[in-house]
Amino acid sequence: MSRPLTPDERTALETLLAADFPGAAELRAQAATARVTGRCGCGCPTIDLEVAASAPTAAVAGRVAVEADVPDGGLIVFADEGRLSGLEYWTTADETPSAFPPPESIGPLGW
């Protein structure tokens, strides 16, 4: 399975990558080529990503490139070996979310 990001997925990813942090410019360039290669089996919107081999590699310190709080949870952008690899939405709510939260609900970013 490989498909383009939905508008909802792209908005969440771009919102998280909009901040200035180490490797952000390269990750934004990668995001332009990102494709979804898998989904979480629980029904939440968490996705696995793959980017073009020609996209620049980011100098990120760890697997978590950037994260942010949202009501009852958070969002995490993962990078493996400097390449975008996933976008996770975790929650403490009883009901599993089916979509990423709107950009206005995304709290301060951390890395």
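To be clear, the structure that these remarks concern was listed above.
Here goes a summary of the coordinates provided. (Residues numbered from 1 in each chain as written. Predicted model: local features only at pLDDT ≥ 70, side-chain atom pairs only at ≥ 80, totals over all residues. Heavy atoms only, no water.)

Re the packing of aromatic side chains
Logical step 1: Applying the stated criterion across every chain, the model contains one aromatic pair.
Logical step 2: Ring plane angle 20° and centroid distance 6.2 Å describe the contact between Tyr89 and Phe100, whose orientation is recorded as stacked. Taken together, the residues span a long stretch of sequence, with Tyr89 in strand β6 (residues 83-91) and Phe100 in the loop between β6 and β7 (109-110) at a distance of 11 residues.
Logical step 3: Relative accessible area serves as the criterion here: at 11%, Tyr89 is assigned to the buried category.
Logical step 4: Relative accessible area serves as the criterion here: at 5%, Phe100 is assigned to the buried category.
Logical step 5: Between the NZ or CZ atom of Arg63 and the centre of the ring of Phe78, over which it lies, the distance is 4.5 Å. (Phe/Tyr/Trp six-rings, centres within 6.5 Å; stacked < 30°, edge-to-face > 60°. Helix = DSSP H or I, 4+ residues; strand = E, 2+ residues; numbered from the N terminus. Buried < 20%, exposed > 50% of the residue type's maximum accessible area, 1.4 Å probe, protein only. Lys NZ or Arg CZ within 6 Å of the ring centre and 35° of its normal.)

Let's talk about the pairing of strand β4 (residues 64-70)
Logical step 1: Taken together, the six bridges between β4 and strand β5 (residues 73-80) define a ladder with antiparallel strand orientation. The residue of β5 that forms the bridge with Val66 is Val77.
Logical step 2: Joining the antiparallel neighbours β4 and β5 is a turn of two residues, in which Asp72 adopts a positive phi near 60°. (Pairing = 2+ DSSP bridges.)

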